[in-house]
Amino acid sequence: MVSEKAVNESIDRLFRHDIGQMISVLTRIFGIGKIDLVEDALQIALSRALKKWAFKGIPGNPKAWLIQVAKNHILDQLRRDNKSVGFEEEFRKTDEYAHKADFIDSVYFEHEIFEGQLQMIFACCHPSIPVDSQIALTLKTVGGFSVSEIAHAFLAKKDAVAKMITRAKTRLRDHNVKLEIPGRENISSRLEAVLKVLYLMFNEGYTASIGNELTRNDLCHEATRLAKLLAAHPVTSSPKTSALTALFLFQASRLPARNSDDGTILVLAEQDRSLWDRGKIADGLSYLRASASGCEVSEYHLEAEIASYHVLSKSFDSTDWKSLVGVYEELLERNPSPIAALNKTIAVSHVEGAKAALTELNSLDDRKLQNYYPFFITKGELLHMTGSPHEAILAFEEAIRLTDNEPIKRFVKEKIKRITSDI
Amino acid sequence: MASFMFLLHDNTSMPEDLSAEDVQGVIEEYLAWRKEVANEGKLIGGEKLTDDGGRHLAMSDGGIRVTDGPYAEIKEALGGYFAIKAADYDEAIEIAKTCPHIKYGTKIEVRQIDEINLADM
């Protein structure tokens, strides 16, 4: 009988992104054409770990254990396939793989992982893949999210997400996409695409467009983590990358305060600012400083600046709305986005009053806004403030009609109830 | 105090689409259970068996026949064991009921180790 030896009880957390790192590292060795084999191998390693660790405890270095098991599985599979075909050349290659695979035991660590992940991000955000699929593929192969987790995050059917990812991988193979960080000649446009995907990933997390949760923090944290990775690499760090990272950190610092304990939404004015994550704000400020190193001012810079005004004000009332109006104007000059224009009207209402803001809001003539629930929430608020409760209710009802997010629906219904009782 | 084996039967098929979070969650449950039993001084040990189903030896036609397991049609195999101390079957069963394997495995077979003490002889 085996006596009970010390079992590793301190659970070294295995994060999703650890799995993503392993996918990157292994795909780098075996090539992007073998990405499915790599993912299958990691699934097998995970299910082995599940049983083994459950009975025996977690090994000292769980990641090394998983990668070893996955690696062995891939090599076995490659050898088996070669045997059936009988290609000498392939055998030689497999030995090379084996050699490289041993090599990673020693350099599996930081640098390899770091480079591997960045290369994988660029592959996932390759222009041959549609943007929606870029996000899903990035979450799957870099973030280590399972298909069900991605399906949950976007409230999509599992099968649909799986298909989307398969198609995206096929494109990678068809276009013979290399795992590499793009060279100087096209880094700028490729980086632009990557930043956009992270921006969309974060946004989807920040206000989940559908479902029962207001936010999907996982998506926000993953986008932030990846932005930080990009900001840390000499080729991908740029003032823009830093600005985006700063924006994410500022926004994410407020995540803990956006819901009350019973799950209702708390707007900026109602949030307990002591819950804001000071560490993230400080971190964001240093990225914001780094973003000012060039002469470029991007939209991400301006959005980060706007977010910084909010996280740095001691209270809602002491917010520097006047400066905010200025930054919004600058943002609108570069990109006349109706959403930025809408946000500006909120700042205007604090500087010039609700009436001026309402006039400005009514002058926004954009079809996109007619399907955008925050437009009607803002309109309702401003109408209420300017003494038109009945019209305010109509606007709020329109907002409810336009969103599928349950907490937001509840939040707006509550407003209607309050106004109705005051009439 | 008697000793018992919990023979942990498992599904041999691999679950699909496992995430790191899933794995972490299940392992944490097992480890928490293990720790609790150990803290009560009732855990003797536990091991996982390999997934290959092992080798089966039997006498046949005057020789020893060795076969591989598991057979393709068998969906279940012995995946591992825990060894614990308990006063009697009743207590062993109570402990087994709290084991997460009840949820995640296919079944737990509880067997008492037949110990022959000098005092009994």
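Residues numbered from 1 in each chain as written. Chains lettered and ligands numbered in written order. Predicted model: local features only at pLDDT ≥ 70, side-chain atom pairs only at ≥ 80, totals over all residues.

Participant: Explanation requested: the overall build of chain B in the structure shown.
Facilitator: Counting its secondary structure elements, chain B contains three helices and six strands. Of the regular secondary structure in chain B, the N- to C-terminal order runs β-α-β-β-β-β-α-α-β. Sorting the 121 residues of chain B into buried and exposed places 22% on the buried side. Pairs at least 24 apart in sequence give 77% of the contacts found in chain B among residues at least 6 apart. (Helix = DSSP H or I, 4+ residues; strand = E, 2+ residues; numbered from the N terminus. Buried ≥ 20, exposed ≤ 12 C-beta atoms within 10 Å, placed from the backbone. Contact = placed C-beta atoms within 7 Å.)

Participant: Sorry, what's going on with the overall build of chain A here?
Facilitator: Counting secondary structure elements, chain A contains 19 helices and two strands. Taking all 423 residues of chain A together, 40% fall into the buried category. The long-range share in chain A, meaning contacts at least 24 apart out of those at least 6 apart in sequence, stands at 62%.

Participant: What should I look at first to understand the packing of helix 17 (residues 373-385) of chain A against helix 18 (residues 389-402) of chain A in this one?
Facilitator: For any two helices packed against each other, one specifies the crossing angle of their axes together with the interaxial distance. All names here are of chain A. Two elements in contact, helix 17 and helix 18, have axes separated by 8 Å at closest approach and are oriented at 165°. Taken together, the axes of helix 17 and helix 18 lie roughly antiparallel to each other. Considering only the axes of helix 17 and helix 18, their crossing is left-handed. Contact residues: Y373, F376, I377, K379, G380, L383 and H384 in helix 17; P389, E391, A392, A395, F396, E398, A399 and L402 in helix 18. Partitioning the contact of helix 17 with helix 18 into residue classes produces ten nonpolar, two polar and three charged. (Axes fitted to C-alpha atoms, helices over the stretch in contact; angles between N-to-C directions. Parallel < 35°, antiparallel > 145°, perpendicular 65-115°, else oblique. Left-handed = near helix turned anticlockwise from the far one by under 90°. Nonpolar A, V, L, I, M, F, W, Y, C, P; charged D, E, K, R; others polar.)

Participant: I keep staring at the interface of chain A and chain B and nothing clicks. Help me out?
Facilitator: By convention, interface size is frequently given as the accessible area that disappears when the constituent parts associate. In this assembly, 33 residues from chain A lie in contact with 28 residues from chain B. Top element by residues in the side of chain A that touches chain B is helix 2 (residues 35-56) of chain A. It accounts for twelve residues. The class makeup of the residues in the side of chain A that touches chain B is 17 nonpolar, seven polar and nine charged.

Participant: What should I look at first to understand the sheet that holds strand 1 (residues 2-11) of chain B in this one?
Facilitator: In a beta sheet, neighbouring strands are held together by backbone hydrogen bonds and run either parallel or antiparallel to one another. Residue and element names in this part refer to chain B. Across the sheet, four strands lie side by side as 2-5-1-6; this open sheet has antiparallel pairing. Where the open sheet ends on each side, the last strands, each with one partner, are strand 2 (43-48) and strand 6 (107-112). Taking the axes of each pair of neighbouring strands and ignoring which way they run, one obtains an average angle of 20° across the sheet. Across five bridges, strand 2 lies against strand 5 (residues 76-86) in antiparallel orientation. In the sheet register, G45 faces strand 5, and the bridge partner there is A83. (Pairing = 2+ DSSP bridges.)

Participant: Could you clarify how one ought to interpret the environment of L37(A) in this entry?
Facilitator: Residue and element names in this part refer to chain A. Structurally, L37 is set in helix 2. On a C-alpha basis, the gap between L37 and H73 in space is 9.1 Å, while along the polypeptide they are 36 residues apart. When neighbours within four sequence positions are excluded, L37 is seen to be in contact with F30, I74 and Q77.

Participant: Honestly, unusual backbone geometry in this entry has me stumped. Any pointers?
Facilitator: A negative phi holds for most residues other than glycine; trans holds for most peptide bonds. Here the phi dihedral of N176(A) falls at roughly 50°; this positive angle occurs in a residue that is not glycine. The topology assignment puts N176(A) in the loop between helix 8 (158-174) and helix 9 (184-206). For N176(A), a count of 8 C-beta atoms within 10 Å puts it in the exposed group. The residue D61(B) is not glycine, and still its phi comes out positive at about 50°.

Participant: Got a minute to help me understand the environment of K379(A) in this structure?
Facilitator: All names here are of chain A. Relative to the helices and strands, K379 resides in helix 17. For the pair K379 and T345, spaced 34 residues apart in sequence, the C-alpha to C-alpha distance is 9.7 Å. Filtering out sequence-adjacent residues up to four positions away, K379 remains in contact with L361 and A395.

Participant: Would you explain helix 15 (residues 338-351) of chain A in this entry?
Facilitator: Residues and elements named next belong to chain A. In this model, helix 15 (14 residues) spans 20 Å end to end at C-alpha, consistent with the 20 Å of a helix rising 1.5 Å per residue. Taken together, the buried positions of helix 15 are A340, A341, L342, K344, T345, A347, V348 and S349. After helix 15 finishes, the residue G353 shows a positive phi value of roughly 100°. (Expected span 1.5 Å × (residues − 1).)

Participant: Help me understand helix 14 (residues 321-334) of chain A in this model?
Facilitator: Helical geometry: 3.6 residues make up each α-helical turn, so side chains three or four residues apart lie on a common side. The terminal C-alpha atoms of helix 14 of chain A lie 20 Å apart, and with 14 residues this matches the ideal 20 Å at 1.5 Å per residue to within 8%. Against the buried residues of helix 14 of chain A lie helix 13 (299-312) and helix 15 of chain A.

Participant: Please clarify how the nonpolar core should be interpreted in this entry.
Facilitator: Note that soluble globular proteins tend to have their nonpolar side chains buried in a common cluster. Residues I121(A), I150(A), V194(A), L198(A), A223(A) and L247(A) are the most contacted members of the largest nonpolar core, which totals 80 residues. Discounting residues that sit within four places of it in the chain, L198(A) has contacts with A223(A), L226(A), A227(A) and L244(A). Formed by 45 residues, the second largest nonpolar core is a distinct cluster that contains F30(A), L50(A), L31(B) and Y81(B). (Core = buried A, V, L, I, M, F, W, Y, C linked by C-beta atoms within 7 Å.)

Participant: Mind showing me how you'd approach the packing of helix 13 of chain A against helix 14 of chain A here?
Facilitator: Residues and elements named next belong to chain A. Orientation of helix 13 relative to helix 14, taken along the N-to-C sense of each, is 165°, at an axis distance of 10 Å. Considering the angle they form, helix 13 stands roughly antiparallel to helix 14. You can see that helix 13 and helix 14 cross each other, and the crossing is left-handed. Here E299, L302, E305, I306 and Y309 of helix 13 lie close against helix 14, whose contacting residues are S323, L324, V327, E330, L331 and R334.

Participant: Even after reading the chapter, I still don't get the pairing of strand 5 of chain B, so can you show me in this structure?
Facilitator: The two faces of a sheet get side chains in turn, since along a regular strand they alternate between them. The pairing of strand 1 of chain B with strand 5 of chain B spans ten bridges and is antiparallel. The residue of strand 5 of chain B that forms the bridge with N11(B) is E76(B).

Participant: Which parts of the structure should I look at to understand the environment of T359(A)?
Facilitator: Residue and element names in this part refer to chain A. Checked against the element boundaries, T359 lands in helix 16 (residues 354-363). Among the residues examined, T359 registers 14 C-beta atoms within 10 Å and is labelled partly exposed. Distance from T359 to L230, taken between C-alpha atoms, is 42 Å for residues 129 residues apart in sequence.

Purely spatial values, then, with no claim about function.
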